[in-house]
Amino acid sequence: MKYVYLIAVFNALLFIVLLFQKKPRALHDNILIYWLTYLGLFIGIYTIFSHDLFSGYKLLSISLISFLMLHGPFLYLYIQSLVSGKQRLFLKDLVHLIPFFLFNLYILVTSFNPVASEKLNIEKLSREFDPAFLFLFFLMLTALSGTLYFVLTIRLFRKLDIRIFNNYSYSADLDLSWLRWLVLVFGIVWTVLICITVIHHVFNMFSINFCSDGLFLSLSAFVILIGYFGFKKKVIFSAEEIVVNKDTSKPLTKYAGSRLTE
């Protein structure tokens, strides 16, 4: 399985190099560079330490788990910039990163208290162990984060469909169906894996290694597929920008985007 992780890390580095060579780069290109950098490092760290990280570095492993909170916001901001044509991020967009920073701030503060830090253990969440409420809250937030952002991203695609149908003229190259299906399938897989993880903690079924391997395997597959379809569809790595006409001064007609003659 490590070979799949290594392939994903190599692909992430390759895609980053290709994106840096893309001139000019739009906002969604820069977001993808940061996203792939995060995924490459995230998967790479897990590849090196693997299961030893959870047994030998308790607080570090919890901090690593908190990084799962970043995947959903990166996905949402990337798709949002891709379909809206935004040229820069605003301060309100950074709100999506607040839960991640709060979780790590909590871990950092708790690490100075030996008694409190003993309660931070992802393998012991039973009543007998009495885990801290904030710790359980952040773990639940991490588990729900991915699914929530996948739903929000699918809604972005839905809004795009409505706008295109009503009043948008758009390029023939605007084919994001592959990305829509990738997000949908990955969202389902991610949700199933999170449910398996919850079952592990509640009913002591499966193992933490099985859960973590499944999550990182799905992330690796996501990186590989993003690159594959990016090359095949020439949307991600092409210098041609997606053109969406937002001129609202023209009258809205039902078939404004049609290429059919009169």
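All figures in this text were calculated on a predicted structure; none of them were measured in a lab. (Residues numbered from 1 in each chain as written. Predicted model: local features only at pLDDT ≥ 70, side-chain atom pairs only at ≥ 80, totals over all residues. Heavy atoms only, no water.)

Asks: How do you make sense of the overall build of the protein when you look at a structure like this?
Replies: Per the secondary structure count, the protein includes 10 helices and two strands. For the protein, the succession of helices and strands along the chain, N to C, is α-α-α-α-α-α-α-α-β-α-α-β. A buried classification covers 43% of the 262 residues belonging to the protein. Long-range contacts, defined here as pairs at least 24 residues apart, represent 75% of the contacts in the protein between residues at least 6 apart. As displayed, the protein has an accessible area near 15,000 Å², and 68% of this comes from carbon and sulfur atoms. (Helix = DSSP H or I, 4+ residues; strand = E, 2+ residues; numbered from the N terminus. Buried < 20%, exposed > 50% of the residue type's maximum accessible area, 1.4 Å probe, protein only. Contact = heavy atoms within 4.5 Å. Areas by Shrake-Rupley, 256 points an atom, 1.4 Å probe, with all protein chains shown as cover.)

Asks: Would you mind going over unusual backbone geometry with me for this structure?
Replies: Most peptide bonds are trans, and most residues other than glycine sit at a negative phi. Cis peptide bonds are those with omega within 30 degrees of zero, and the linkage from Lys 23 to Pro 24 qualifies with -10°. Structurally, Pro 24 can be placed in the loop between helix H1 (2–20) and helix H2 (27–49).

Asks: Help me understand the packing of aromatic side chains, please; the structure alone is not making it clear to me.
Replies: In this description, a pair of aromatic rings is defined by centroid distance and the angle of the planes. A complete count under the given rule lists 18 aromatic pairs for this structure. Considering the side-chain rings of Tyr 5 and Tyr 46, the 5.8 Å spacing of their centres and the 70° angle between planes classify their relative orientation as edge-to-face. Of this pair, Tyr 5 sits in helix H1 while Tyr 46 is found in helix H2, placing the two residues 41 residues apart along the sequence. Its relative accessible area of 1% is what places Tyr 46 among the buried residues. Centre to centre, the rings of Tyr 38 and Phe 74 are 5.6 Å apart; their planes meet at 25°, and the pair counts as stacked. Taken together, the positions of Tyr 38 in helix H2 and Phe 74 in helix H5 (residues 68–84) put the pair 36 residues apart, joining distant regions of the chain. Judged by its relative accessible area of 17%, Phe 74 is buried. Members of the aromatic cluster, joined through ring pairs, are Tyr 5, Tyr 38, Phe 42, Tyr 46, Phe 67, Phe 74, Phe 100, Phe 101 and Phe 216. (Phe/Tyr/Trp six-rings, centres within 6.5 Å; stacked < 30°, edge-to-face > 60°.)

Asks: Teacher, can you tell me more about H5 here?
Replies: Compared with the 24 Å implied by 1.5 Å per residue over 17 residues, the 25 Å span of H5 between its first and last C-alpha is a close match. For H5, the buried fraction is high: 17 of the 17 residues fall into the buried class. Positive backbone phi, approximately 75°, marks Gly 85, located one or two places after H5. (Expected span 1.5 Å × (residues − 1).)

Asks: Sorry if this is basic, but what is going on with a nonpolar patch on the surface here?
Replies: On the surface, Val 95, Ile 98, Leu 102, Leu 105, Leu 108, Val 109 and Phe 112 cluster together into a nonpolar patch covering about 700 Å² of accessible area. Tracing the backbone shows Leu 108 in helix H6 (residues 98–111). (Patch = residues over 30% accessible without salt bridge, like charges linked within 9 Å, V, L, I, M, F, W, Y side chains within 5 Å. Salt bridge = Lys/Arg side-chain N within 4 Å of Asp/Glu carboxyl O.)

Asks: I would appreciate a short explanation of the side chain of Asn 11 in the present structure.
Replies: The topology assignment puts Asn 11 in helix H1. Filtering out sequence-adjacent residues up to four positions away, Asn 11 remains in contact with Val 223 and Ile 224.

Asks: What is the right way to look at the confidence of the model for the protein in this model?
Replies: The predicted coordinates of low-pLDDT regions are not to be read in fine detail. Mean pLDDT over the protein works out to 76, with 71% of the residues at or above the 70 mark. Counted against residues more than four places away or in other chains, residues 168–173, with its pLDDT under 50, gives 16 contacts. Low pLDDT (under 50) marks residues 242–253, which in the prediction has 20 contacts with non-local residues, meaning those over four places away or in another chain. (pLDDT = per-residue confidence, 0-100.)

Asks: Got a minute to help me understand the environment of Leu 160 in this structure?
Replies: Structurally, Leu 160 is set in helix H8 (residues 133–167). Each C-alpha atom, one on Leu 160 and one on Ser 84, is 8.3 Å from the other, the two residues being 76 residues apart in sequence. Among all residues touching Leu 160, those that are not within four sequence positions of it are Val 83 and Leu 176.

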